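# Structure at a glance
Take a look at the letters that make up each chain.
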Amino acid sequence: MAKPKVGVWSFTGCEGCQVEMLNCPEIMDLLDKVKVMRFPILEERDEKGKYDICFVEGAITTKEEEEKLKDVRKRTNFLVALGTCATYGGIPSIKNFLDEKKVEKTVYRNTSYLHSEKAEPLEKFIKVDYNMRGCPPDKDEFVRVFKDLLLEKKPKEPDFPVCVECRKKENPCLLEQGHFCLGPVTHGGCDAVCPSNEVMCHGCRGPLKDANIKREIEIFEKKGATSEDLKRILIKFAGEKFRTCDL
Ligand code: SF4
Ligand code: SF4
Ligand code: SF4
């Protein structure tokens, strides 16, 4: 039987999602069971033709990226948005809230060749078959999804908050101890890795669909955070999703 054709694509991001894939021996074993057509961090080439599975990393920030993404979608049977840049705009989408020209001038000497627009998630332009959230995504989730796809099963996205896994692990709750934590409003599936190490959840897997953001804001304000502090925390990974909230 022919091996499934798999491709990795990268748009605007730090490429950390690809690095995370390479860091996991189990993922490397799985890659042996497929035909890897492209993997930009290892080798940049543009294989034409159809793909069975594509993992697409990064936000979309230019018309050229949008067109490329639409072409990839047309040629792909099952498309996974890989990481928070791809699922929500991620870190690059912080620029959607800033004076872009001012930021560009602070970072680059020559800004004449820059032409990016707002950083947007893949779903703004195409249908995504699976959103693998996280900055970077969780390796176990990656392995589970990859195995399901190789077995021709449709993988299921986690739809519970970080608190569920955190409570199962019987971690002391950071909120109850007077600290901040975005666990109640953030997509779970990372095994609550941050609160398990006494670090607040910063919301890297993005907000749950029915997240009670207003309640989370009230909790933060009671602990003395200002609206500016809150805005900075909330827009860090999924700013566009929070644009509609009164921050
Ligand atoms: S989701 Fe995070 S790790 Fe992945 S490309 Fe974006 S910034 Fe990098
Ligand atoms: S520490 Fe954070 S993630 Fe864990 S239960 Fe408390 S609020 Fe939820
Ligand atoms: S606990 Fe929160 S910040 Fe940490 S990996 Fe999970 S979703 Fe991301």
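Since this is a predicted model, take the numbers as computed values, not measurements. The residue numbering used here restarts from 1 in each chain and proceeds along that chain's sequence as written. Ligands are numbered from 1 and chains lettered from A, in the order in which they are written. Local features are withheld for residues below a pLDDT of 70 in this predicted model, meaning they are given only at 70 or higher, and side-chain atom pairs are given and counted only at 80 or more; totals for whole chains, interfaces and linings count all residues. As a convention, hydrogens and water are excluded, and side-chain values are obtained from all of the structure's heavy atoms.

### Focus on the domain arrangement of the chain
One widely used convention gives an interface's size as the accessible area the parts lose upon coming together. Heads up, the rule is: Segmentation into domains, and thus their bounds, comes from an automatic or database assignment. Contacts: residue pairs with any heavy atoms within 4.5 Å of one another. What gets called buried area is simply the loss in accessible area from a 1.4 Å probe that two parts show on being joined, summed for both. Should a side-chain nitrogen of Lys or Arg be within 4 Å of a carboxyl oxygen of Asp or Glu, the pair is scored as a salt bridge. Side-chain atoms alone can form a polar contact between residues adjacent in sequence; in general such a contact is a pair of N or O atoms within 3.5 Å, and within protein one must be able to donate a hydrogen while the other accepts it. The residue classification treats Ala, Val, Leu, Ile, Met, Phe, Trp, Tyr, Cys and Pro as nonpolar and Asp, Glu, Lys and Arg as charged. All others, Gly included, are polar.
When the domains of the chain are assigned, the result is domain 1 (5–150) and domain 2 (162–242). The interface is formed by 17 residues belonging to domain 1 together with 15 residues belonging to domain 2. For the pair domain 1 and domain 2, the two sides together bury roughly 1,300 Å², of which 59% comes from carbon and sulfur. The largest contributions to the domain 1 side of the interface with domain 2 come from Tyr88, Phe97 and Arg133, which together make up 46% of the buried area. Where domain 1 touches domain 2, the interface holds 1 salt bridge. The salt bridge involving arginine 205 is made with glutamate 141; its shortest N-O contact spans 2.9 Å. Put simply, domain 1 and domain 2 have 5 residue pairs in polar contact (both at pLDDT 80 or more) between them. When its residues are assigned to classes, the side of domain 1 that touches domain 2 shows 6 nonpolar, 6 polar and 5 charged.

### What about the site of ligand 2?
Note the cut-off: Proximity criterion: a residue is near a molecule or strand once any of its heavy atoms comes within 4 Å of it.
In the neighbourhood of ligand 2, the contacting residues comprise Val162, Cys163, Cys166, Cys173, Leu174, Leu175, Cys181, Gly183, Pro184 and Pro195. Per-class residue counts for the shell around ligand 2 are 9 nonpolar, 1 polar and no charged.

### Description of the nonpolar core
In plain terms, the rule: The set of buried Ala, Val, Leu, Ile, Met, Phe, Trp, Tyr and Cys residues whose side-chain atoms join them within 4.5 Å is what this entry labels a nonpolar core. Relative accessibility thresholds used throughout: buried, under 20% of the residue-type maximum; exposed, over 50%; partly exposed, between the two (1.4 Å probe, protein chains only). A helix here means a DSSP run of H or I that spans at least four residues, while a strand means a run of E at least two residues long, and both kinds are numbered starting from the N terminus.
One finds Phe55, Met132, Phe142 and Phe146 to be the most contacted residues of the largest nonpolar core, which totals 22 residues. Within the residue set of this core, elements represented by two or more residues are strand E1 (5–10), helix H1 (16–22), helix H2 (25–31), strand E3 (51–57), strand E4 (76–82), strand E5 (130–132) and helix H6 (139–150). Counting residues per element, this core draws most heavily on H6, at 5 residues. The residues touching phenylalanine 142, leaving out its near neighbours within four places in the chain, are Met21, Ile27, Phe55, Leu82 and Met132. Counting residues in each nonpolar core, the second largest holds 19 residues, with Cys173, Leu175, Val185 and Ile213 among its members.

### Section: the pairing of E1
What counts, and what does not: Two strands pair under a simple rule: DSSP has to find at least two bridges between them.
Inspection of the sheet shows E1 paired to strand E2 (residues 35–38) by 3 bridges, in the parallel sense. When the sheet's bridge partners are listed, valine 6 is paired in E2 with valine 36.

### Observations regarding the packing of aromatic side chains
The description of an aromatic ring pair rests on the distance of the ring centres and on the angle between the ring planes. Note the following rule: Within 6.5 Å between ring centres, the rings of Phe, Tyr and Trp (the latter by its six-membered ring) count as paired, and their orientation is classed by plane angle as stacked under 30 degrees, edge-to-face over 60, tilted in between. Whether a charge sits over a ring comes down to the Lys NZ or Arg CZ being within 6 Å of the ring centre and within 35 degrees of the ring normal.
Evaluation of the coordinates by the stated rule reveals 5 aromatic pairs. Considering the side-chain rings of phenylalanine 180 and phenylalanine 220, the 4.7 Å spacing of their centres and the 35° angle between planes classify their relative orientation as tilted. Placement of phenylalanine 180 in the loop between helix H7 (162–168) and helix H8 (213–222) and of phenylalanine 220 in helix H8 is noted, with a sequence separation of 40 residues between them. For phenylalanine 180, a relative accessible area of 27% translates into the label partly exposed. On the basis of relative accessible area, phenylalanine 220 is assigned to the buried category, the value being 1%. An aromatic cluster of three or more residues is present, and its members are Phe55, Phe142 and Phe146. Taking NZ or CZ as reference, arginine 38 lies 3.7 Å from the ring centre of tryptophan 9, over its face.

### Some remarks on H6
Counted only if it meets this: One fewer than the residue count of a helix, multiplied by 1.5 Å, yields its expected span.
With 12 residues, H6 extends 16 Å from end C-alpha to end C-alpha; this agrees with the ideal 16 Å at 1.5 Å per step. Among the residues of H6, those classed as buried are Glu141, Phe142, Val143, Val145, Phe146, Asp148 and Leu149. At its buried positions, H6 is contacted by E1, H1, H2, E3, E4 and E5. The N-cap of H6, judged by a side-chain oxygen 3.1 Å from the amide nitrogen of aspartate 140 a few residues on, is aspartate 138. Once H6 finishes, glutamate 152 follows within two positions and takes phi at roughly 60°, a positive value.

### Points about the sheet that holds E4
Our working rule: For every element, the axis is a line fit to its C-alpha atoms; helices are fit only across the contacting stretch, and the angle between N-to-C directions ranges from 0 to 180 degrees.
Within the open sheet, the 5 strands sit side by side as E2-E1-E3-E4-E5. Their pairing is parallel. Whereas interior strands pair on both sides, the edge strands pair on one side only; in this sheet they are E2 and E5. Within the sheet, the average angular offset between the axes of one strand and its neighbour, ignoring direction, is 25°. In terms of strand pairing, E4 meets E5 through 3 bridges, oriented parallel. Residue pairing across strands places leucine 82 opposite methionine 132, the latter belonging to E5. The strands touched by helix H3 (residues 63–74) within the sheet are E1, E3 and E4, with E4 carrying the most contacts at an inclination of about 135°. Its contacts with the sheet place H6 against E1, E3, E4 and E5, and it is angled at close to 155° to E5.

### Here we look at the site of ligand 3
Taken together, the neighbourhood of ligand 3 is formed by Val162, Thr186, Cys190, Val193, Cys194, Pro195, Cys201, His202, Gly203, Cys204 and Arg205. Among the residues making up the shell around ligand 3, the classes are represented as 7 nonpolar, 3 polar and 1 charged.

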